[in-house]
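Fold and geometry: a report
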Amino acid sequence: MKQLKVILGIVIGLSILSCSSDDDSAYNSNGFKVNGVNYATDFAYSTSGGSGSPIEVLIFSSTDRSLASFLENRGRFDLRYTGDQLTPGTYSGNALGSVIEFTKDIEKVDGAFVSFGEDLAFTSNGSNLSGAAQVNSVSYNAEGDIIQIDIDYNFSWDGTEILGSYSGEVGIDP
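Computed from a predicted model, the values in this text were never measured in an experiment.

With that settled, consider the overall build of the protein chain. For the protein chain, the helix and strand inventory stands at one helix and 13 strands. Each helix (α) and strand (β) of the protein chain, taken in turn from the N terminus, gives the series α-β-β-β-β-β-β-β-β-β-β-β-β-β. Within the protein chain, the fraction of its 174 residues that count as buried is 34%. Accessible area for the protein chain stands at about 9600 Å²; split by element, carbon and sulfur atoms hold 50% of it.

As structure tokens, then:
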């Protein structure tokens, strides 16, 4: 009987340890979750938008985009800001660009894109969009390019739920 209790205790303990603490609201650090599926994004890139209305285009990627060949999962969205640079704060509503795009399996071979992948989530008009991007910190180089960012973001529209974060270096989109 004592052995049965020990074995039962071990089984219960292993069951508890094997359960994930990842609930529906959690996401990978340096990654994003689309409708419950996690995607890692170990790289970030930016490019300033157009003239007249300052826009920062942010791309969070699973791969080094400067390579001649890669298979990539990525999230991309724009943040509109006032002033000279993107600053820490919450960006929602009109501060979110009109395109929010999360895609998997983008393939580039020998410098040419052979597949633009499969859309995980895409909106180009912002209708029914809710959510925000929280820029916790951002650093620039002498040329005014973002070189580091700590950001959390969440978006939802038409049954699509996105949660993500990135904290680390930012390169110029090649």
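Continuing now.
As a further point, take the side chain of Ser 156. Assignment of secondary structure puts Ser 156 in strand 11 (residues 146-157). A polar contact is formed between the side chain of Ser 156 and the side chain of Ser 130, at a distance of 2.8 Å. Those residues in contact with Ser 156, other than ones at most four positions away along the chain, are Asn 128, Leu 129, Ser 130 and Glu 161.

Spatially, the six strands line up as an open sheet ordered 2-1-12-11-10-6, and their pairing is antiparallel. Of all the strands in the sheet, the pair left with one neighbour each is strand 2 (37-40) and strand 6 (89-92). Ignoring strand direction, the axes of neighbouring strands in this sheet form an average angle of 15 degrees. Summarising the sheet, strand 1 (residues 31-34) and strand 2 pair through four bridges and their orientation is antiparallel. Bridge pairing in strand 2 links Gly 31 to Ala 40.

With that settled, consider the pattern of salt bridges. By the definition in use, this model includes five salt bridges. When the shortest N-O distance is used, the salt bridge between Glu 72 and Arg 65 registers 2.8 Å. Residue classification places Glu 72 among the buried positions, given a relative accessible area of 0%. For Arg 65, a relative accessible area of 10% puts it in the buried group. Among the ionic pairs, Asp 173 bridges to Arg 65, the shortest N-O distance being 2.9 Å. On the criterion of sequence distance, the pair formed by Asp 173 in the segment after strand 13 (171-172) and Arg 65 in the loop between strand 4 (55-61) and strand 5 (70-80) is long-range, its members being 108 residues apart. Taking the relative accessible area as the measure of exposure, Asp 173 reaches 22% and is therefore partly exposed. Among the charged side chains, a network of salt bridges with common partners joins Arg 65, Glu 72 and Asp 173.

Grouped together as the largest cluster of nonpolar side chains are 28 residues, with contacts concentrated most on Phe 77, Leu 79, Phe 102, Ile 149, Ile 151, Tyr 153 and Phe 155. At the level of elements, strand 1, strand 4, strand 5, strand 7 (96-109), strand 10 (130-140), strand 11 and strand 12 (160-169) are the ones that each hand at least two residues to this core. For Phe 77, the residues in contact, after removing those within four places along its chain, are Glu 56, Val 57, Leu 58, Phe 60, Val 99, Ile 100, Phe 102, Ala 133, Ile 151, Tyr 153 and Phe 155.

Going through the model one piece at a time under the given rule, you end up with 11 aromatic pairs. Both rings, one in Phe 77 and one in Phe 155, keep their centres 5.1 Å apart while their planes meet at 70 degrees; by these two values the pair is edge-to-face. Remark: Phe 155 occurs in strand 11 and Phe 77 occurs in strand 5; sequence separation between them is 78 residues. Residues Phe 77 and Phe 155 agree in their burial class; the two are buried.

Locating Thr 90 in the fold gives a position in strand 6. By relative accessible area, which is 52% here, Thr 90 ends up exposed. Considering only alpha carbons, one finds Thr 90 and Asn 136, 46 residues apart in sequence, at a separation of 8.5 Å. In this view, Thr 90 contacts Ala 132, Ala 133 and Gln 134; residues no more than four positions away in its chain are not counted.

Rules used in this analysis
Residues numbered from 1 in each chain as written. Predicted model: local features only at pLDDT ≥ 70, side-chain atom pairs only at ≥ 80, totals over all residues. Heavy atoms only, no water. Helix = DSSP H or I, 4+ residues; strand = E, 2+ residues; numbered from the N terminus. Buried < 20%, exposed > 50% of the residue type's maximum accessible area, 1.4 Å probe, protein only. Areas by Shrake-Rupley, 256 points an atom, 1.4 Å probe, with all protein chains shown as cover. Polar contact = N/O pair within 3.5 Å; in protein donor to acceptor, adjacent residues only side chain to side chain. Contact = heavy atoms within 4.5 Å. Pairing = 2+ DSSP bridges. Axes fitted to C-alpha atoms, helices over the stretch in contact; angles between N-to-C directions. Salt bridge = Lys/Arg side-chain N within 4 Å of Asp/Glu carboxyl O. Core = buried A, V, L, I, M, F, W, Y, C linked by side-chain atoms within 4.5 Å. Phe/Tyr/Trp six-rings, centres within 6.5 Å; stacked < 30°, edge-to-face > 60°.

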